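Chain and residue survey
For reference, the chains in residue letters:
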Amino acid sequence: MQDTSSFTQLEYAELVGALTLPVKMLLDEYPPIFGDKRKRTFFEQEQASHKSDSGKILLSRWCYKHSKTLALSSLKKSKLKIVIDEDKHYRYTDKITNDRNVWWMNFTSFLLFGLYGSDLFSQDKVQVMEHPLMGSVTEFLDESDIFGMEPETSVETNIKPLPFLLENVPQWFDVNGYVNVNGEKHSIYSENFCESPMELLNKAIVPTKNTERHNFIAAAAPCDGKGQYTEQELLYAVQVALCAFSSAKQMDALHGKKTTAIHTGNWGCGSFHNNYELIYVCQLLAAMISGVDEVIFHHPHQEEFEAAKKTVEKIAELGDDSTLEDIVDYLDENAYFWAVK
């Protein structure tokens, strides 16, 4: 089932392993495990209608490929299209075309979709609710114990990033986390989920009427820091963004896609408590250096986002002979602080 022979390397991402997973096999043999009763109820209600689903999910795991220098001139030459979407949550209305592929960033933990079956309902858990076979992928990897394909997105916290790409994942549910009841808007996101009555959840989580399939980048942002970012934390932040975005660009090239679009946003700025400006800087750098064509930022903080763009312009002045360590040194001099003091 493992086949890496047809893959080549991109400058900042190197393939660790790849698997082709039949949808029916995942559903029959490795169904997602929802410990939360309400999540399980939604899944079981739709399970029968998907028993004959076909297709395959392509799963790949990547690591950062070290380069002696980074082509920072690409920052000045970049034609990256930046789109601001004021909707904080993904709606999956951006469609794939013959030439343009679309990726959706999953703000996973260091365990691939960790705690997806719990009563938590942050961004990564919402995506698994919408696409339950993402949970099946985790269960398959956990039970199969394939060397190099462990369901972990990093080797130790903030040390070595190992993001996953998931392609052709079917969508089962549409989650609209803000529901109007008697003229009042109610949110089911985050801690609101476990407190919401089932009547509200039934309005917010509805089965899809289509057969949409989506592509995901599952990458863990830095976490567990306090005070000022250390050089190791900054190094990880730049590496994981570069590796994640470069791997998506490489995969698109292998599929003959000319244009790569990535939906992302305040990645790692919720329960991981990252600095907004730093996270924007890392994602902009990664997109420009790896040749991503378009990044759609969902509900960024305007002041921090504008500051990040200016920081990227200053980093471009470091020159083409700059190393990753030079970028880290520059960021260290800027003295970024975690949201947790």
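Residues take numbers from 1 onward in each chain, read along the sequence in its written order. At least 70 in pLDDT is required for a residue's local features to be given in this predicted model, at least 80 for side-chain atom pairs to be given and counted, and no such filter applies to totals for whole chains, interfaces and linings, which use all residues. To get the side-chain values, all heavy atoms of the structure are used, and hydrogens and water are removed first.

**Quick notes on the overall build of the protein**
Convention followed: Runs of E in the DSSP output that reach at least two residues are strands. Runs of H or I that reach at least four are helices, and both are numbered from the N terminus. For every residue, the accessible area obtained with a 1.4 Å probe (protein chains only) is divided by the maximum for its type, and the residue is called buried under 20%, exposed over 50%, and partly exposed between those limits. Only heavy atoms matter for contacts: two residues are in contact if any of them lie within 4.5 Å across the pair. Accessible surface is estimated by sampling points in the Shrake-Rupley manner with a 1.4 Å probe; for residues, cover comes only from the protein chains shown. Only four residue types enter the charge count, namely Lys and Arg as positive and Asp and Glu as negative; His and the chain termini do not. One atom stands in for each charge, and that atom is NZ of Lys, CZ of Arg, CG of Asp or CD of Glu.
Scanning the protein from terminus to terminus reveals eleven helices and 14 strands. For the protein, the spread of C-alpha atoms along the three principal axes comes to 55 × 50 × 35 Å. When the 341 residues of the protein are sorted by exposure, 55% land in the buried category. Long-range pairs, those at least 24 residues apart, make up 81% of the contacts in the protein between residues at least 6 apart in sequence. Accessible area of the protein: about 15,000 Å², with a carbon and sulfur share of 49%. Distance between charge centres in the protein, computed from 32 positive and 50 negative side chains, equals 5 Å.

**Looking at the pairing of strand S7 (residues 164-170)**
How we decide: Only when DSSP finds a minimum of two bridges between them are two strands counted as paired.
Taking burial as the measure, the seven residues of S7 include six buried ones, the bulk of the element. When strand S2 (residues 56-64) meets S7, the two strands line up antiparallel, connected through four bridges. Following the sheet pairing, leucine 59 is matched in S7 by leucine 166. Looking at chain direction, S7 and strand S12 (residues 213-218) are connected through five bridges and run antiparallel. Bridged to valine 169 within S12 is histidine 214.

**A look at the pattern of salt bridges**
Convention followed: The salt bridge definition used is simple: a Lys or Arg side-chain nitrogen within 4 Å of an Asp or Glu carboxyl oxygen.
What the rule picks out here adds up to eleven salt bridges. Residue aspartate 36 pairs with arginine 38 through a salt bridge whose shortest N-O separation is 3.5 Å. Judged on exposure class, the residue aspartate 36 and its partner arginine 38 are both buried. In this structure, glutamate 306 engages lysine 309 in a salt bridge whose closest nitrogen and oxygen atoms are separated by 3.2 Å. Of the two residues, glutamate 306 and lysine 309 are both situated in helix H10 (residues 302-316); the distance of three residues between them amounts to about one turn of the helix. On the basis of relative accessibility, which here comes to 29%, the residue lysine 309 falls in the partly exposed class. Look at the salt bridges and you will find they share partners, linking Asp94, Arg100 and Glu294 into a network.

**Considering helix H4 (residues 123-130)**
Counted residue by residue, H4 has seven buried out of eight residues, so it is predominantly covered. Restricting attention to buried positions, one finds in H4 the residues Asp124, Lys125, Val126, Gln127, Val128, Met129 and Glu130.

**A closer look at the packing of aromatic side chains**
What counts here: Pairing of aromatic side chains here covers Phe, Tyr and the six-membered ring of Trp, requires ring centres within 6.5 Å, and sorts the geometry by plane angle: under 30 degrees stacked, over 60 edge-to-face, intermediate tilted. A ring is scored as having a charge over it whenever the NZ atom of a lysine or the CZ atom of an arginine sits within 6 Å of its centre and within 35 degrees of its normal.
Going through the model one piece at a time under the given rule, you end up with 19 aromatic pairs. Seen from their ring centres, phenylalanine 43 and tryptophan 172 are 5.3 Å apart, and the 5° between their planes marks the pair as stacked. Here tryptophan 172 lies in the loop between S7 and strand S8 (173-175) and phenylalanine 43 lies in helix H2 (residues 37-47), a separation of 129 residues in the sequence. Judged by its relative accessible area of 4%, phenylalanine 43 is buried. Under the relative-accessibility criterion, tryptophan 172 is labelled buried at 1%. An angle of 10° between the planes, with centres 6.3 Å apart, marks the rings of phenylalanine 110 and phenylalanine 272 as stacked. A residue pair is termed long-range when its members are at least 10 positions apart, and phenylalanine 110 in the loop between strand S4 (100-106) and H4 and phenylalanine 272 in the loop between strand S13 (259-264) and helix H9 (276-290) qualify at 162 residues. Grouping residues by exposure puts phenylalanine 110 and phenylalanine 272 together as buried. Among the aromatic side chains, those forming a connected cluster through ring pairs are Phe34, Phe43, Tyr116 and Trp172. Positioned above the aromatic ring of phenylalanine 193 is the side chain of arginine 38, whose terminal nitrogen or guanidinium carbon lies 4.9 Å from the ring centre. Stacked on the ring of phenylalanine 193, the Lys or Arg lysine 39 has its end atom at 5.6 Å from the ring centre.

**Focus: the packing of H10 against helix H11 (residues 324-334)**
Using the following cut-off: Orientation is described by axes fitted as lines to C-alpha atoms, over the contacting stretch for helices, and by angles from 0 to 180 degrees between their N-to-C directions. Any angle that is under 35 degrees is reported as roughly parallel, and any over 145 degrees as roughly antiparallel; angles of 65 to 115 degrees are reported as roughly perpendicular and all others as oblique. The handedness criterion is simple: a crossing whose near helix is rotated anticlockwise from the far helix by less than a right angle is left-handed, and one whose near helix is rotated clockwise is right-handed. Think of it as three bins: nonpolar holds Ala, Val, Leu, Ile, Met, Phe, Trp, Tyr, Cys and Pro, charged holds Asp, Glu, Lys and Arg, and polar takes everything else, Gly as well.
Relative orientation of the contacting elements H10 and H11 amounts to 135°, with a least axis distance of 11 Å. In terms of their interaxial angle, H10 and H11 are classed as oblique. Relative to H11, H10 is oriented so that their crossing is right-handed. On H11, the residues touching Thr311, Lys314 and Ile315 of H10 are Ile327, Tyr330, Leu331 and Asn334. Looking at side-chain class alone, the contact of H10 with H11 contains four nonpolar, two polar and one charged residues.

**Observations concerning the state of the cysteines**
Rules: Counting rule for disulfides: a pair of cysteine sulfur atoms within 2.5 Å.
Here the structure, examined in full by the defined rule, presents zero disulfides. In this structure cysteine 243 is a free cysteine whose sulfur lies 6.2 Å from that of cysteine 63, the closest cysteine sulfur available.

**Examining the environment of lysine 65**
Within the element layout of this structure, lysine 65 appears in the loop between S2 and helix H3 (73-77). With 102 residues separating them in the primary sequence, lysine 65 and glutamate 167 have C-alpha atoms 22 Å apart.

**Some remarks on the environment of alanine 204**
Relative to the elements of secondary structure, alanine 204 occurs in helix H7 (residues 198-204). The class of alanine 204 is buried, set by a relative accessible area of 1%. Expressed as a C-alpha distance, the spacing of alanine 204 and alanine 221, which sit 17 residues apart in the sequence, is 28 Å.

**What about the pairing of S4?**
In terms of burial, S4 is a largely internal element, seven of the seven residues being buried. The alternating pattern of S4 places Arg100, Val102, Trp104 and Asn106 and Asn101, Trp103 and Met105 on opposite faces, both of which are buried. Where S4 lies against S13, five bridges are found, and the strand directions are parallel. Bridge pairing links tryptophan 104 to histidine 263 in S13. Taken together, the four bridges between S4 and S12 define a ladder with parallel strand orientation.

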